[in-house]
Amino acid sequence: MPALQVRDFPDDLYERLKACAALEHRSVAQQTVALVEEGLNARNESHFWDGCELHRLGRAPQVIDFDTDDARAARIEKRKALFAEFEKLPKFTVPDTFPSTAELIRQGREERDQRILGAADYCGEEALG
C-alpha cells in the first residue's frame, strides 16, 4: 500500500485532524484517508463550503469506519498490556551532571560534521595525490 508524506503540514490543522480522529475513534492515518475520500467524492456532488463546514445538498454524510468493535477492543487491551509492562521497568533519575538533550544533539552534530569534513579532506588529498 502506498504511503503519503505531507511536508510543512500546519500544526493547527494537524491538531484539528487528531481531535477529529479521536471523535471518530480512528487513528490519524485512518481519519486522513476518510477525509481525503470524502473530499474527492464531494468534488463530484453538489456541495458548498460555508467557511467552516462542507455541506452536501440532498445527501446524508458518509461514515467510513475502518475498525470493528472487536478490533478496537483488542487494540485497547494490547495498549493496556504494553503500558503495564512499562510500569514494571525499573525507575531511574537522571543525574544533574548529565548533559541536556540539546547538548547531546549539538555534540552529535559536531561529531557528524567532523566526520564529513574529515572524509572531504581525505578525498581532496587523494584527488591531489
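Check the entry above for the structure.
Throughout what follows, the structure given in this document is the object of discussion. Not measured: the values here are computed from a predicted model.

1. Thoughts on the packing of aromatic side chains
Now for step 1: Following the criterion strictly, the structure yields two aromatic pairs and no others.
Now for step 2: Measuring from centroid to centroid gives 6.3 Å for F9 and Y14, while their planes differ by 90°, and the two rings are edge-to-face.
Now for step 3: Y14 sits in the partly exposed class, given a relative accessible area of 34%.

2. Some remarks on helix 1 (residues 11-23)
Now for step 1: An ideal rise of 1.5 Å per residue puts 18 Å on 13 residues; helix 1 measures up with 19 Å between its terminal C-alpha atoms.
Now for step 2: At the exit of helix 1 stands H25, carrying a positive phi of roughly 55°.

3. Overview of the layout of surface pockets
Where empty space is left becomes clear once a probe the size of a water molecule has been rolled over the atoms.
Now for step 1: By volume, the second largest pocket amounts to about 150 Å³.
Now for step 2: Looking at the second largest pocket, the residues that line it are M1, P2, A3, L4 and V33.
Now for step 3: Split into classes, the residues belonging to the lining of the second largest pocket amount to five nonpolar, no polar and no charged.

4. Observations concerning unusual backbone geometry
Peptide bonds are mostly trans, and most non-glycine residues show a negative phi.
Now for step 1: Notably, D8 is not glycine yet its phi reads approximately 55°, a positive angle.
Now for step 2: Its identity is not glycine, yet H25 carries a phi of approximately 55°, on the positive side.
Now for step 3: Mapped onto the elements, H25 comes out in the loop between helix 1 and helix 2 (28-42).

5. Digging into the environment of L35
Now for step 1: Looking at the element boundaries, L35 is found in helix 2.
Now for step 2: On the basis of relative accessibility, which here comes to 36%, the residue L35 falls in the partly exposed class.
Now for step 3: For the pair L35 and A21, spaced 14 residues apart in the sequence, the C-alpha separation amounts to 10.0 Å.

About the criteria used
- Residues numbered from 1 in each chain as written.
- Predicted model: local features only at pLDDT ≥ 70, side-chain atom pairs only at ≥ 80, totals over all residues.
- Heavy atoms only, no water.
- Phe/Tyr/Trp six-rings, centres within 6.5 Å; stacked < 30°, edge-to-face > 60°.
- Buried < 20%, exposed > 50% of the residue type's maximum accessible area, 1.4 Å probe, protein only.
- Helix = DSSP H or I, 4+ residues; strand = E, 2+ residues; numbered from the N terminus.
- Expected span 1.5 Å × (residues − 1).
- 1 Å grid on protein atoms, 1.4 Å probe; cavity = no way out; pocket = protein on both sides within 12 Å on 5 of 7 lines; lining within 4 Å.
- Points joined across faces, edges and corners; volume = space filled by probe spheres on them.
- Nonpolar A, V, L, I, M, F, W, Y, C, P; charged D, E, K, R; others polar.

Distances and angles like these do not, on their own, reveal function.
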